[in-house]
Each structure stands twice: as structure tokens, then as C-alpha cells.
Amino acid sequence: MPSPTRWTHAFRTRRRTRSRTRRLLERHLAVLVVAALVSMSALLASYREVQNAAGEMRTRGAPAVQGVAATQLALLRAHKEAQRSVDDGIDEVVGAGARYENQLAAADQGLSRLSDVQIDGERGRGVLLTVRGVLTSYSTSITPGAVKYVHDELMQRQKFTEAKTLLDRPGTGVVPRLDVLQEHQMRRVDRVSSLGPLQRTGWAVAELGLLILALTCLSGLWVLRTRCGRSHDPWLLAALLVTLALAVVPLWATVHTQERLDTARHRLFAIEQRAHDHTDLAGSQTYVIDNSTALRGRLAARSWQNWTYYGALGGGALVVLLPAAGICRRLNADYWRAG
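Along each chain, residue indices are assigned from 1 in the same order as the chain's sequence is written. Predicted model: local features are reported for residues with pLDDT of at least 70 only, side-chain atom pairs are reported and counted for 80 or more only, and whole-chain, interface and lining totals are derived from all residues. Neither water nor hydrogens contribute to the side-chain values; these are computed over all heavy atoms in the structure.

Colleague: Help me understand the overall build of the protein chain in this model?
Modeller: Across its full length, the protein chain holds ten helices and zero strands. Every helix listed is a DSSP run of H or I at least four residues long, and every strand listed is a run of E at least two residues long, numbered separately from the N terminus. The N-to-C order of helical and strand elements in the protein chain reads α-α-α-α-α-α-α-α-α-α. Once local pairs closer than 6 in sequence are excluded, the contacts in the protein chain between residues at least 24 apart make up 83%. The Shrake-Rupley method, run with a 1.4 Å probe sphere, supplies the accessible areas, and residue values consider only the shown protein chains as cover. Counting only carbon and sulfur atoms, one obtains 59% of the accessible surface of the protein chain, whose full area is about 17,500 Å². In what follows, residue pairs with any heavy atoms lying within 4.5 Å of each other are defined as contacts.

Colleague: Quick question: what am I supposed to make of the packing of aromatic side chains here?
Modeller: The description of two aromatic rings rests on the distance between their centres and on the angle between their planes. Each Phe, Tyr or Trp ring (for Trp, its six-membered ring) is paired with any other whose centre lies within 6.5 Å, and the angle between the two planes then decides the class: stacked below 30 degrees, edge-to-face above 60, tilted in between. All chains considered together, the criterion is met by two aromatic pairs. Taken together, a centroid distance of 6.3 Å and an interplanar angle of 15° make the contact between Y47 and Y309 stacked. Residue Y47 is found in helix α1 (residues 4–87), and its partner Y309 is found in helix α10 (residues 303–333); the two are separated by 262 residues along the sequence. Across this residue pair, the class does not change: Y47 and Y309 are buried. Ring centres of Y309 and Y310 lie 5.5 Å apart, and the angle between their planes is 75°; on these two criteria the pair is classed as edge-to-face. Counting as a charge over the ring demands two things of the Lys NZ or Arg CZ atom: a distance within 6 Å of the ring centre and an angle within 35 degrees of the ring normal. The ring of Y309 has R48 sitting right over it, with the charged end atom 3.9 Å from the ring centre. When the ring centre of Y287 is taken as origin, the NZ or CZ atom of R274, which lies over that ring, is 4.9 Å away. Relative accessible area decides the class of each residue, using a 1.4 Å probe on protein chains only: under 20% of the type maximum gives buried, over 50% gives exposed, and in between gives partly exposed.

Colleague: Any chance you could explain the nonpolar core here in plain terms?
Modeller: Across soluble globular proteins, nonpolar side chains show a tendency to be buried alongside one another. With 49 residues, the main nonpolar core has M57, L75, Y138, L178 and L268 as its most contacted residues. Put simply, the parts of the chain that give this core at least two residues each are α1, α3 (98–117), α4 (121–148), α5 (153–168), α6 (174–193), α8 (234–274) and α9 (281–298). At 15 residues, α1 tops the list of elements feeding residues into this core. Ignoring sequence-local partners within four residues, the contact set of M57 consists of A62, P63, V189, V192, S193, L261, A264, R265, L268 and L299. Here, nonpolar core refers to any group of buried Ala, Val, Leu, Ile, Met, Phe, Trp, Tyr and Cys residues whose side-chain atoms link them within 4.5 Å.

Colleague: Honestly, α3 in this entry has me stumped. Any pointers?
Modeller: Counting along an α-helix, one turn takes 3.6 residues, and residues three or four places apart therefore face a common direction. Here a helix's expected span is defined as the number of its residues, less one, multiplied by 1.5 Å. With 20 residues, α3 extends 29 Å from end C-alpha to end C-alpha; this agrees with the ideal 28 Å at 1.5 Å per step. Taken as a whole, α3 has its buried residues at Y100, Q103, L104, A107, G110, L111, L114 and V117. Axial view of α3: buried residues confined to an arc of 145°, hence all on one face. For α3, the exposed residues set more than 90 degrees away from the buried face come down to A98, N102, R113 and D116. This arc corresponds to the set of directions leading from the helix axis out to the C-beta atoms.

Colleague: Even after reading the chapter, I still don't get the layout of surface pockets, so can you show me in this structure?
Modeller: Vacant regions in the atomic arrangement are exposed by a probe of water-molecule size rolled over the atoms. Both site types are read off a 1 Å grid over the protein atoms alone. A 1.4 Å probe that fits but cannot get out defines a cavity, while an open set with protein on both sides within 12 Å along at least five of seven lines defines a pocket; lining residues have an atom within 4 Å of a point. Grid points are joined across faces, edges and corners, and a volume is the space filled by probe spheres set on the points. Each pocket or cavity is described by its volume, and for the largest pocket that value is around 440 Å³. Looking at the largest pocket, it is lined by 20 residues, and the ones nearest its centre are Q66, G67, A70, R113 and I289. Looking at the lining of the largest pocket, the element that brings in the most residues is α9, giving eight residues. In this classification, the charged set is Asp, Glu, Lys and Arg, the nonpolar set is Ala, Val, Leu, Ile, Met, Phe, Trp, Tyr, Cys and Pro, and all remaining amino acids, among them Gly, are polar. Each residue belonging to the lining of the largest pocket can be placed in one class, and the counts come to nine nonpolar, eight polar and three charged.

Colleague: Sorry if this is basic, but what is going on with empty space enclosed by the protein here?
Modeller: In total, this model carries one cavity of 30 Å³ or more according to the counting rule given. What the largest cavity holds in volume is close to 30 Å³. As for the largest cavity, its lining consists of R58, A62, P63, Q66, L295, R296 and L299. Among the elements of the structure, α1 and α9 are those that each provide at least two residues to the lining of the largest cavity. Looking at the lining of the largest cavity, its residues break down into four nonpolar, one polar and two charged.

Colleague: Help me out: how do you make sense of a nonpolar patch on the surface in this one?
Modeller: Taken together, the side chains of V31, L208, L211, I212, L215 and L218 make up a nonpolar region of the molecular surface, amounting to roughly 520 Å² of accessible area. Looking at the nonpolar patch, the element that brings in the most residues is helix α7 (residues 197–226), giving five residues. Using a relative accessible area of 37% as the deciding quantity, one classes V31 as partly exposed. In this analysis, a patch consists of residues with relative accessible area above 30% that form no salt bridge, clustered at 9 Å for like charges and at 5 Å for the nonpolar side chains Val, Leu, Ile, Met, Phe, Trp and Tyr. Salt bridge criterion: a side-chain nitrogen from Lys or Arg within 4 Å of a carboxyl oxygen from Asp or Glu.

Colleague: What is the right way to look at the pattern of salt bridges in this model?
Modeller: Pairing between side chains becomes possible if they bear opposite charge and their charged atoms approach one another. Under the defined criterion, the tally for this structure stands at ten salt bridges. A single network of salt bridges, built from pairs that share partners, joins D190, D262 and R265.

Colleague: Whenever I open this one, the packing of α5 against α6 confuses me. Can you help?
Modeller: The relative placement of two packed helices comes down to the angle between their axes together with the axis-to-axis distance. Structural elements are reduced to axes, namely lines fitted to C-alpha atoms, with helices fitted over the stretch in contact, and the angle between N-to-C directions of any two is expressed from 0 to 180 degrees. Running from N to C, α5 and α6 cross one another at 10°; their axes reach a closest spacing of 3 Å. Viewed along their axes, α5 and α6 adopt a mutual orientation that is roughly parallel. Here L166, L167 and D168 of α5 come into contact with α6, specifically with V174, V175 and P176. Here the residues of the contact of α5 with α6 sort into five nonpolar, no polar and one charged. Roughly parallel here means an angle under 35 degrees, roughly antiparallel means over 145, roughly perpendicular means 65 to 115, and every remaining angle is called oblique.

Colleague: Looking at this structure, how should I read the environment of R157?
Modeller: Inspection of the secondary structure assignment puts R157 in helix α5. On the basis of relative accessible area, R157 is assigned to the partly exposed category, the value being 46%. Separated by 15 residues in the primary sequence, R157 and I142 have C-alpha atoms spaced 9.8 Å apart.

Colleague: Would you take a moment to explain the side chain of S292 for this structure?
Modeller: For S292, the location among the structural elements is in helix α9. Under the rule applied, a polar contact is a pair of N or O atoms within 3.5 Å (in protein, one hydrogen donor and one hydrogen acceptor; residues adjacent in sequence only if both atoms are side-chain atoms). A polar atom in the side chain of S292 sits 2.6 Å from the backbone oxygen of V288. Excluding its chain neighbours within four sequence positions, the residues that come into contact with S292 are Q66 and I271.

What follows is the structure in C-alpha cells.
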């Protein structure tokens, strides 16, 4: 028969093995919880940041850039139509003409909308306030030229020259001031629509954390199989599947959103450049309108992207709770089977 010493030695060996297994499972549990919390915090913050950028582009960025381009073209075309009414000799009958009035009204509406959507903050509001004042002076110059002085060619020419100066004088004219506002807005659009270093770092941390989480789940399954006599653990298996889904679906949704933001940014740059083409104002206006309509459709919110965020939020809760439940169940129920 085995001696008492051998019994004691076997008991102590089994006890040390069970203790090592328990500590190993506890370390797995700690790594799983920490990796889940870190990766999900980075993932949710990074995903929400991209969705917020798309929302800002849709509600303010794109309308602001389009509005400045459309307002500039409307003002320039209004002046061209007023000048055409003089050149064609119809100013004696209709003054500056209906087309002038329509374009000036469109420019005024554009400035009103810009007050709500411009993305240059206080500086932008100051520019628009100044532009409105200069535009009032422009109207008080061109209206007499087209109506009051129709029989005084010299005064008419002087008023139109004065109005044209107010419109496009370098630095202080209406159009150059709007150019400055547009330049600032395009910088903002570029920052908002681009995936910056901080966002890239966030996604790298999120994906690395999910990789560690997945590998730790696999390691935990192996420990439970080899040391605890469990062929599989449904809690850890479920956590592994949720982890894989979280590593793929939000990232895919973000790539899709970023592609739309890149396309929108390129179209806005094209719109901004076309606004400087004054050789064919009507064609430029048509181009801006058509591309603005297409851009609004491109930036339209997708309902599944919001659901992806809430799904990731729920998945984040699961990858914290499922491994904890699985390993704690083994620790409290049958870790004694380790050996």
C-alpha cells in the first residue's frame, strides 16, 4: 500500500496544480475584461467620430460650401444681367431686368441660409455681416444706374463701375470676401472628412484589443479543455464569435462611410473650383446645382449605420459579460476537476 507520505505528496501536487489552474483562469479573466473595455472604448469612440463627421458634412459642411459657390455665381450673374439690359437698350423699359432681380434674390436667399450653416464660426458670421453691408451699397449703386440715369450715359457708366468695384474689388469686394470664407470652410471640410492620425490610432487600438480578446478566448477554451476536462465552453465560444463580428462589421461600416466622405470632399472641391469659372456663369450655376443635388443624396444618412453603433454597444457589453460568466462559472463550479 502507498505510504502516508506518498498520499500527502500526491494531495499537495494535486492542490498545487489546481491552484496554478485557478490563477491561470483568473489571469485569462483579467486580460479578457481589460482588453474588452479598452478595445470597445476605442471602437465606439472612433466609430461615433466618423458618423459625427458624416453628419456635420451633411447638415453644415456641404450646404455651406455649396451656398457660398451659388451665392457668388448668382451675384456675378445678376450684375451681368443688369449690364446686358443696358447693352440691349431695354433698361428704359424694365430697368435692370427680371433676370437681374431673380439672381439678386437668389443671392440674398443664399446669404440668409449661409448665416445658419456656415462653418467658420464667429469669423464667418463677421464676414457675412460685412458682405450684407457691402451688398446693400452695391444695390444703391446699380439701381440708380439701371433706372434713374438711363438717359445719362456718363452717370450710368459711373454707377455700374462703382457697383462692379463693390462686387469684385480685391480684398474688400463681396466676391473676394466670400472667397476668404470659402477658403476657411474648405479647410474645415478637409479636416472633418479626412481620417486623421488620432482616429487611425483609435481604430488600431480597437482592432489590436479585439485581436488580443479573440486570442485570449481561444487560450481560455484550450485551458478549460486540457485542464478542466471541458470539451467546449458556450460562454467563451459566444464571446469569440461576438469579438470577430465586432472586429469586422463596425470597421466595414466605417470604411463605407469614409468612402462617402472622400467622394463628398472631392465634389466640394470641384464645386469650389467651378465657382471661379466666370466665363460661363449660367453653365457654372447649372454645374453647382446638379452636383449639390447629387451630393445631398450621397451624404444621406443610412439607418443601418446608426444600428451598427448600437449593435456594437450591445456587443461590447457581451464581450465583457460572456467571458466573465464563463470563466467565473468554471472557477466557482468545477475548477476542482483540474489536474
